[in-house]
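Examining the three-dimensional arrangement
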Amino acid sequence: MKRSFDAIVIGSGQAGPALAVRLASAGLHTAFIEREHYGGTCVNDGCTPTKTMVASARVAHLARRAADFGVRLGGAVSVDMAAVMARKNAVVAQSVAGLKQWLEGAAGLEIVWGHARFVSPGAVQVGDDVLEAPKIFINTGGRPVVPEWPGLADVSHLTNRSIMSLATLPEHLLVVGGSYVGLEFAQMFRRFGSRVTVLEYGDRIIAREDDEVSSAVQTLLEAEGVAFELGSRDVSVTKVGEGMRLAFTSGRAAREVSGSHLLFAVGRRPNTDDLGLDQAGVTTDERGYIVVDDELRSNVPGIWALGDVNGRGAFTHTAYNDHEIVAANLLDGQARRVSDRIPAYALFTDPPLARIGASEREVRVSGRPARVGVMPMKRVARARERGETQGFMRVLVDGQTDQILGATLLCIEADEIIHSLLDVMAAGAPYTVIQRCMHIHPTVSELIPTLLGSLKPLD
């Protein structure tokens, strides 16, 4: 059966639901297509469940440190994984239920369950129905990558999705990938009580960051007992009992490590290979991402791509911002562009790593005159009071305009504190605005003005 709409939204990640409701509220009869569940990766397999589990892991970690704060516990700290998972499931269920109520209660929005594939530039097929619309928005997200290692077919392995269903604690978790997702799980399960080894192909973890940032994060995780195997190449897998053994080379040396569970966190690929994009003439790049312009339009008029599928950001907040950009241009008469936004993200280890704008390496490469301020957390009273002095804060400022170029915070509450700097950047204001602002004592944020007052030329 053929059905006509004013707009079609495919996928219920962070961009899809908000855009669908906006379109429907603007009077466009909108079809909202989802094949699996409301909420996409963030709500079901990403941010919401992982940060809920990170919170449980932090409580276990603090409980083990209770004596440091003069608190005595009655016995050894243990973790009930079934209870951890039950709490996580309850938080996810609450989020999904809220999203379901919001979407299904939106006037002018029709929910269509099933897998959508293009049959022409202006139509998709879902089951036996063909849905047509002059405006189609793709928000189908991505999925984890699993490498093709020799022997892997014979061994059970986990991704960020399947590890969410573990009912028991791994004895020794092998994490493949020393980047954002892998490091969060590594610390989390170490705090739950697992032995954890991280294997990273590169010569350092989180290679996107400056060298000293990578080193600092590795040091704080090693202090908690996480082991690292860097430069791990030519990996093969052998099943050993209920677990596995990984053989690999590191430099010129042959090495092995055995574990009970194997988690892959080596990246994601866009869900674009089963959308029938060729039938619509939509262009993708060599990695499968839909090519879009600065307003998130594909090469085909009337088709947009938002979120993980467009390669313009791999975070929940960038996906949501994609929806804001599209809605502003289409519905509000505002000119908003992807290139307007400031890069911003966080690694939710404990303490978290928060980043905005340019790194020190990027500023150096640019050749522009700059100043830098660095403050170790041992100098921050609030950090000392809480017994959490790991890390540092660093801010880079343009040497001519006094505008903030970027910041790296590896410290307690970095993921919140960073926004005071981000907002000043977005306003295009000089750093002196925040430097001269009176902050509340005792907080971590109150040291930002002091940090900015210590700027020195970047050598």
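Our subject in this report is the structure included herewith. (Residues numbered from 1 in each chain as written. Predicted model: local features only at pLDDT ≥ 70, side-chain atom pairs only at ≥ 80, totals over all residues. Heavy atoms only, no water.)

**Examining the sheet that holds strand E10 (residues 172-176)**
Across a sheet, strands are paired by hydrogen bonds formed along the backbone, either parallel or antiparallel in direction. To keep it simple, the criterion reads: For two strands to pair, DSSP has to find at least two bridges joining them. Numbering of helices and strands runs from the N terminus, with a helix taken as a DSSP run of H or I at least four residues long and a strand as a DSSP run of E at least two residues long. In this analysis, axes come from line fits to C-alpha atoms, helices being fitted only over the stretch in contact, and the angle between any two N-to-C directions falls in the range 0 to 180 degrees. We call two residues contacting when some pair of their heavy atoms lies within 4.5 Å.
Strand order in the open sheet formed by four strands is E12-E11-E10-E16, and the pairing between neighbours is parallel. Across the chains shown, the open sheet's two edge strands, defined by having one partner strand only, are strand E12 (227-230) and strand E16 (261-264). Taken over all neighbouring pairs, the strand axes of this sheet differ in orientation by 20° on average, direction set aside. Its contacts with the sheet place helix H5 (residues 180-192) against E10, strand E11 (195-200), E12 and E16, and it is angled at close to 165° to E11.

**Points about the packing of helix H1 (residues 15-25) against helix H4 (residues 81-104)**
Selection rule: Roughly parallel covers angles under 35 degrees, roughly antiparallel covers those over 145, roughly perpendicular covers 65 to 115, and oblique covers all other angles. Handedness of a helix crossing follows the sense of rotation of the near helix relative to the far helix, less than a right angle counterclockwise being left-handed and clockwise being right-handed. The nonpolar class holds Ala, Val, Leu, Ile, Met, Phe, Trp, Tyr, Cys and Pro. Asp, Glu, Lys and Arg form the charged class, and all remaining residues, Gly among them, are polar.
Closest axis-to-axis distance for the H1/H4 pair is 10 Å, and the angle between their directions is 25°. Classified by the angle between their axes, H1 and H4 sit roughly parallel to one another. Relative to H4, the crossing made by H1 is left-handed. In contact with Pro17, Ala18 and Val21 of H1, H4 contributes Leu99, Trp102 and Leu103. Of the residues contributing to the contact of H1 with H4, the split by class is six nonpolar, no polar and no charged.

**A word on the sheet that holds strand E7 (residues 129-132)**
Spatial ordering of the open sheet is given by E1-E7-E6-E5, a layout of four strands whose pairing is mixed. Since the sheet does not close on itself, it has two edges, and those belong to strand E1 (2-4) and strand E5 (116-120), each with one partner. Direction aside, neighbouring strands of the sheet carry axes that sit 30° apart on average. Relative to strand E6 (residues 123-126), E5 is paired through four bridges, and the arrangement is antiparallel. If you follow alanine 116 over to E6, its bridge partner there is valine 126.

**Let's talk about the environment of proline 17**
In plain terms, the rule: Note on exposure labels: buried denotes an accessible area under 20% of the residue type's maximum, exposed denotes more than 50%, and partly exposed covers the range between, all computed with a 1.4 Å probe on protein chains only.
For proline 17, the position within the fold is in helix H1. For proline 17, a relative accessible area of 4% corresponds to the buried category. Sequence-wise, proline 17 and tryptophan 102 are 85 residues apart; in three dimensions their C-alpha atoms are separated by 9.0 Å. When neighbours within four sequence positions are excluded, proline 17 is seen to be in contact with Gly11, Ser12, Phe32, Leu99, Trp102 and Leu103.

**Comments concerning the nonpolar core**
Put simply, the rule is: To form a nonpolar core, buried Ala, Val, Leu, Ile, Met, Phe, Trp, Tyr and Cys residues must be joined to one another through side-chain atoms within 4.5 Å.
Counting residues in each nonpolar core, the largest one holds 51 residues, and the members touching the most others are Ile8, Ile33, Phe118, Val124 and Phe137. In terms of residue count, the dominant contributor to this core is H1 (six residues). Judged by nonpolar contacts, the second largest core, of 35 residues, contains Val54, Leu173, Val217 and Leu353.

**Digging into H5**
For the record, the criterion: To estimate how far a helix should reach, multiply one less than its number of residues by 1.5 Å.
The end-to-end C-alpha distance of H5, which contains 13 residues, comes to 19 Å, matching closely the 18 Å that a straight helix rising 1.5 Å per residue would cover. Most of H5 sits inside the fold, with eleven of its 13 residues counted as buried. Those residues of H5 not exposed but buried are Tyr180, Gly182, Leu183, Glu184, Phe185, Ala186, Gln187, Met188, Phe189, Arg191 and Phe192. Just past H5, the residue glycine 193 takes up positive phi, approximately 125°.

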